[in-house]
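Chain by chain, the residues:
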Amino acid sequence: MAAAAPASARALVSRSAPPLPRSAPPPPCPRSRAPQTPPRPVPGDSCGRGCGDAKRPRAVVPAPPKKMLGQARFSSPGMAPNTCCCSPAALQRKLPILAWLPNYSLQWLKMDFIAGLSVGLTVIPQALAYAEVAGLPPQYGLYSAFTGCFVYFFLGTSRDVTLGPTAIMSLLVSFYTFHEPAYAVLLAFLSGCIQLVMGVLRLGFLLDFISCPVIKGFTSAATVTIGFGQIKNLLGLQNIPRQFFLQVYHTFLRIEETRVGDAILGLVCMVLLLVLKLMRDHMPPVHPEMPSGVRLSHSLVWAATTARNALVVSFSALVAYSFEVTGYQPFILTGETAEGLPSVWIPPFSMTTANRTISFAEMVQDMGAGLAVVPLMGLLESIAVAKAFASQNNYRIDANQELLAMGLTNVLGSLVSSYPVTGSFGRTAVNAQSGVCTPAGGLVTGVLVLLSLDYLTSLFYYIPKSALAAVIIMAVAPLFDTKIFGTLWRVKRLDLLPLCVTFLLSFWEMQYGILAGALVSLLMLLHSAARPKTKVSEGPVLVLQPASGLHFPAVEALREEILSQALEVSPPRCLVLECTHVCSIDYTVVLGLGELLEDFHKQGVALAFVGLQVPILRVLLSADLKGFQYFSTLEEAEKYLRQEPGTQPYNSREDSAPEHKITLLQA
């Protein structure tokens, strides 16, 4: 086997790290390191906007920015995540509350209380409305709204995220639980178990195979489905099917049955919500030099616009109660809601109907694909929300820890009759804009939901369904990304294919849309792997450069390209395969390269390799390919290939090849 010059051999060997001497001590365990006490942060320096800005002491040395959540990270090689499972940093990763609780301050408590109160006033009306989307009694929305607040307090890695019922998750629940609370609670338990297993096995990377166009297509289709599904409540129509296409048909067929009272109230609620949202988005910032009266009025307006859902629902309930007193009711009301806190019991593993008892196996079979779609979409939605706000507020999250937090939330939530929950984008935005500092704000939200269950359920009777429909429509409207189509058209038009496939098929069945979109994205990915781009350079010798790694689907395409460029021309030409960008190969590729070397040998020309990384070179040397020649630089390869036939390789010695091969194989 011919070999390259000794200089190239030395260059290749020098790239691999030399072995440590026997006397070198191993890296110290993090447990043995002296604990480093971080400087106590100034309240407000490490939390969100507006957190502790007023009257901040300037003389105190501030803490590192955003050193609160998601910061249980190892910054040095000697503190790798798996070096010592009992180290303080490892405990902080598994129980993130330990990272921020020792530095908790009164200023943080104030901001967390305000944020928790704001989220609580938002989640109560939304939970009632989302239960309607899920096809369940209204109290199940509240049952699903408080468990995540307490679990995330201990296990969450994002200070902004709030777990609870969402529009998309409620829509999925309605598809797979047949409007039966027993199915919904069992689905929460099984989804939580799946999420816990994924978190323990660190399978969060599986979500990376669902591309952004697929997510956008599904979210947009879900927005249209949820929004149009509330038109019947907005107009006061009854007995409308839930299947999307039948729903559209029957809604337009029975549009003449619209109840004037519900339609007017629903439209008024939508206008009020829109005006309050615009006021919230365009509020000027508060400056310390402003008069106290101006700052007080600003705070009142901020509170009103933040709690706009609660205000609008309360207003509509007051209007409905006024009509009830007069003996005339123009609205369809929510009706009776179960009073009191939910009982704690194990999820129903069977269900008794009027005719028979449905076993656990039959319930699982009935839910079918929902056991995969619901946990995966819940994880996807929550982690996408967490990453978005972590990037915006400059901190990091742990995706696998988020899996554990959500899985435990769903498992424990099923004990109190919760249906599956996930991270809410809208309420997380309210949380962040309210200046939340830690997940402790969720405690306030959870307590508020529990108080409403215990004391306010009798008042929910008078909430008109048209008002809840307005809340849902205004909540899901921002989820429809109108710009994504134009963006993909400009950036990469091929990505419109999985987006449109997901969007259109999701109107038929949600799981089919997600599955088809993910399959199209995977086929596009496999096509790029099977047909890698190559760059051909015409010079003193022919140079072909693959643009990415070589794997077995790409062997035939690479072979055809090389044959057409070098061997199927007259006369045949030598070729240099420039492998700088090739970082991995497999056995099928090695066989294909061996066949190419034989073809070149039969034609009396040479095939040389340049820029091989050490792992690739080690694989090819182990295969002992006949006629394999490699060089460290393109100039060396060209200089050798331009020599007359029968001459020795440029500046090479045959006895250096075995020594170099042994060195590489022993590395």
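No experiment lies behind these values; they were computed from the predicted model shown.

Focus: the sheet that holds strand β5 (residues 534-538)
Here comes step 1: The sheet built from five strands is open, its strands ordered β5-β6-β7-β8-β9 with mixed pairing. Two strands close off the open sheet at either side, each with one partner strand: β5 and β9 (629-631). The average angle at which neighbouring strand axes cross in this sheet is 25°, direction not considered.
Here comes step 2: Inspection of the sheet shows strand β6 (residues 542-546) paired to strand β7 (residues 575-578) by three bridges, in the parallel sense. Following the sheet pairing, Leu544 is matched in β7 by Leu577.

Points about the packing of helix α8 (residues 181-200) against helix α15 (residues 360-367)
Here comes step 1: Interaxial distance between α8 and α15 falls to 11 Å at its minimum, and their mutual angle equals 85°. In terms of their interaxial angle, α8 and α15 are classed as roughly perpendicular. In this structure, α8 uses Ala182, Tyr183, Leu186, Leu187 and Leu190 to contact α15, whose residues at the interface are Phe360, Met363, Val364, Asp366 and Met367.

Considerations on the packing of aromatic side chains
Here comes step 1: Taken as a whole and assessed by the stated rule, the structure comprises 24 aromatic pairs.
Here comes step 2: Relative to Phe252, the ring of Phe228 has its centre 6.1 Å away and its plane inclined at 35°; by these criteria the two rings are tilted. With Phe228 in helix α9 (residues 212-229) and Phe252 in helix α11 (residues 244-253), this pair connects stretches of sequence that are 24 residues apart.
Here comes step 3: Summarising the aromatic geometry, the rings of Phe349 and Phe360 are spaced 5.6 Å apart at their centres and angled 65° between planes, so their arrangement reads as edge-to-face. On the criterion of sequence distance, the pair formed by Phe349 in the loop between α14 (308-326) and β2 (351-352) and Phe360 in helix α15 is long-range, its members being eleven residues apart.
Here comes step 4: The class for Phe349 is partly exposed, based on a relative accessible area of 32%.
Here comes step 5: Through successive ring pairs, a cluster of aromatic residues spans Phe228, Phe244, Phe245, Phe252, Phe480, Phe485, Phe503 and Phe507.
Here comes step 6: In this arrangement the basic side chain of Arg493 is found over the ring face of Trp489, its NZ or CZ atom lying 4.0 Å from the centre.

Considering the pairing of β7
Here comes step 1: With burial as the criterion, each face of β7 is covered, one bearing Leu575 and Leu577 and the other bearing Val576 and Glu578.
Here comes step 2: Between β6 and its parallel partner β7, the chain crosses via helix α24 (residues 555-567), and the hand of that crossover is right-handed.
Here comes step 3: Inspection of the sheet shows β7 paired to strand β8 (residues 607-610) by four bridges, in the parallel sense. Directly across from Glu578, in β8, lies its bridge partner Val610.
Here comes step 4: One crossover worth recording links β7 to the parallel β8 by way of helix α25 (residues 587-603), and it is right-handed.

Digging into α14
Here comes step 1: In this model α14 runs 27 Å from its N-terminal to its C-terminal C-alpha over 19 residues, within 8% of the 27 Å that 1.5 Å per residue would give.
Here comes step 2: The set of residues buried in α14 consists of Arg308, Asn309, Ala310, Val312, Val313, Ser316, Ala317 and Ala320.
Here comes step 3: Buried residues along α14 sit in contact with α4 (106-133), α12 (260-281), α13 (292-306) and α20 (465-476).
Here comes step 4: Directly after α14, the chain includes Gly327, whose backbone phi takes a positive value near 90°.

Calculation notes
- Residues numbered from 1 in each chain as written.
- Predicted model: local features only at pLDDT ≥ 70, side-chain atom pairs only at ≥ 80, totals over all residues.
- Heavy atoms only, no water.
- Pairing = 2+ DSSP bridges.
- Helix = DSSP H or I, 4+ residues; strand = E, 2+ residues; numbered from the N terminus.
- Axes fitted to C-alpha atoms, helices over the stretch in contact; angles between N-to-C directions.
- Parallel < 35°, antiparallel > 145°, perpendicular 65-115°, else oblique.
- Contact = heavy atoms within 4.5 Å.
- Phe/Tyr/Trp six-rings, centres within 6.5 Å; stacked < 30°, edge-to-face > 60°.
- Buried < 20%, exposed > 50% of the residue type's maximum accessible area, 1.4 Å probe, protein only.
- Lys NZ or Arg CZ within 6 Å of the ring centre and 35° of its normal.
- Right-handed = clockwise from strand over helix to strand, strands pointing away.
- Expected span 1.5 Å × (residues − 1).

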